[in-house]
Amino acid sequence: MGQVTAGDGREKGSEMEFSSAGSERSTPGPTMVAPIVRSGAGTLVGAAAKVGARDVNVFYGDKQALFDVSLDIPDRAVTAFIGPSGCGKTTFLRCINRMNDTIEGCKVSGTLQIEGKDAYAKGVDPVVLRTRVGMVFQKPNPFPKSIYDNVAYGPRIHGMAKSKSDMDSIVEKSLKRAGLWEEVKDRLAQPGTGLSGGQQQRLVIARTVAVNPDIILMDEPCSALDPIATAKIEELIDEMRENYCIIIVTHSMAQAARVSQRTAFFHLGKLVETGATEEIFTNPRDSRTQDYITGRFG
Ligand SMILES: Nc1ncnc2c1ncn2[C@@H]1O[C@H](COP(=O)(O)OP(=O)(O)OP(=O)(O)O)[C@@H](O)[C@H]1O
């Protein structure tokens, strides 16, 4: 279990909780995910997995999009999902915060654990789960509200602030964590949609961290941004990895190499290989990975 020690920058209990009722299991499966033992993963060797997937299959109606995906994802590191278009990266990402539940006809089987707890167990409230597992999308999607209210939205819904000054402090801290405070502190009442694309994406990140997640999923977060805004987001991801488990889907292999410590390569709905990013990019074990990273398909 990922014990959160005092002063690590995240204010939360020692364990991931996402249900008010007990976490009665709906499917049999291991109670703990296996530790990461692969060599070549530097400091991550032996670290406990934050997210553990076993034999995850996903169907959209009759069409199978993911086949028996088993993967351990460490805390306090960035894991990149790479692979050609349509290989299932986003589908797998959406399994982690149960966003697939919202897609009609989508069926998920297998086991998906967060800190050793079944994210699909009876009694798990997906809405609560999504406060612990935040998501940032391709296109910045601030609400049509002020900068302040964009960030205060989640904490307000979840009753996280007892007073106006509590809320002010959550908003300030979140904007600081997203590297946006200095740019917006004098115009918090202005609309979030009036910011530049890169600032909007950092506002969305501030909104995500405001509810104290442990895990942040990012689905091609820079694809709508220019190179300067992209560099800022990448810097931010690098800073944030000290405190979060970050998973990023990216089409840019250069970006995966720059920001991630671990990489998972998907192809035709299967997880082909996973390992330390450096290893995957310099010494892949599977010829499909080799072909993809050398640009033979994609
Ligand atoms: N809502 C949906 N309904 C039906 N099929 C879907 C849905 N979402 C994804 N798929 C299908 O599932 C497969 C995997 O798609 P997914 O979006 O997960 O791939 P991806 O690797 O993220 O692709 P990209 O890199 O293009 O975003 C594809 O064949 C896709 O067409």
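You'll find the chain entered in an unreviewed UniProt entry as Phosphate import ATP-binding protein PstB, with Terricaulis silvestris given as the organism.

Asks: Report on the site of the ligand, specifying residues and quantitative values.
Replies: In the vicinity of the ligand there are 15 residues, among which Ser-85, Gly-86, Lys-89, Thr-91 and His-251 approach most closely. Take Lys-63: an N or O atom from its side chain is 3.1 Å from an oxygen atom of the ligand. Here an oxygen atom of the ligand sits 2.5 Å away from a polar atom, N or O, in the side chain of Ser-85. Relative to its unbound accessible area of 630 Å², the ligand is 67% covered by the protein chains. Looking at the shell around the ligand, the elements with two or more residues in it are strand E2 (63-74) and helix H1 (89-96). Element by element, the count of residues in the shell around the ligand is highest for H1, at four residues. Grouping the amino acids of the shell around the ligand by side-chain chemistry returns five nonpolar, six polar and four charged.

Asks: How would you sum up H1? Please name residues and give values.
Replies: Where burial is concerned, most of H1 is hidden: seven out of the eight residues are buried. Turning to H1, its buried residues number three or more, namely Lys-89, Thr-91, Phe-92, Leu-93, Arg-94, Cys-95 and Ile-96. Positive backbone phi, at 60°, marks Arg-98, one or two positions downstream of H1.

Asks: Please give an account of the side chain of Thr-250 that cites residues and values.
Replies: Looking at the element boundaries, Thr-250 is found in the loop between strand E8 (245-249) and helix H8 (253-259). Among the polar contacts made by the side chain of Thr-250, one reaches the main-chain amide nitrogen of Ser-252 at a distance of 2.9 Å. Setting aside its immediate chain neighbours within four residues, Thr-250 contacts Phe-81, Ile-82, Glu-220, Gln-255 and Ala-256.

Asks: Can you break down the sheet that holds strand E3 (residues 77-82) residue by residue, with the values?
Replies: The sheet built from six strands is open, its strands ordered E6-E7-E8-E3-E9-E10 with mixed pairing. On the outer flanks of this sheet lie strand E6 (133-136) and strand E10 (270-276), each paired with one strand and no other. Between one strand and the next, the sheet's axes are offset by a mean angle of 20°, whatever the strand orientation. With five bridges connecting them, strand E7 (residues 215-219) and E8 associate as parallel partners. Bridging across to E8, Ile-215 finds its partner in Cys-245. Across the face of the sheet, helix H6 (residues 197-209) comes into contact with E6 and E7 while running at roughly 170° to E6.

Thresholds, definitions, all that
Residues numbered from 1 in each chain as written. Predicted model: local features only at pLDDT ≥ 70, side-chain atom pairs only at ≥ 80, totals over all residues. Heavy atoms only, no water. Near = heavy atom within 4 Å. Polar contact = N/O pair within 3.5 Å; in protein donor to acceptor, adjacent residues only side chain to side chain. Areas by Shrake-Rupley, 256 points an atom, 1.4 Å probe, with all protein chains shown as cover. Helix = DSSP H or I, 4+ residues; strand = E, 2+ residues; numbered from the N terminus. Nonpolar A, V, L, I, M, F, W, Y, C, P; charged D, E, K, R; others polar. Buried < 20%, exposed > 50% of the residue type's maximum accessible area, 1.4 Å probe, protein only. Contact = heavy atoms within 4.5 Å. Pairing = 2+ DSSP bridges. Axes fitted to C-alpha atoms, helices over the stretch in contact; angles between N-to-C directions.

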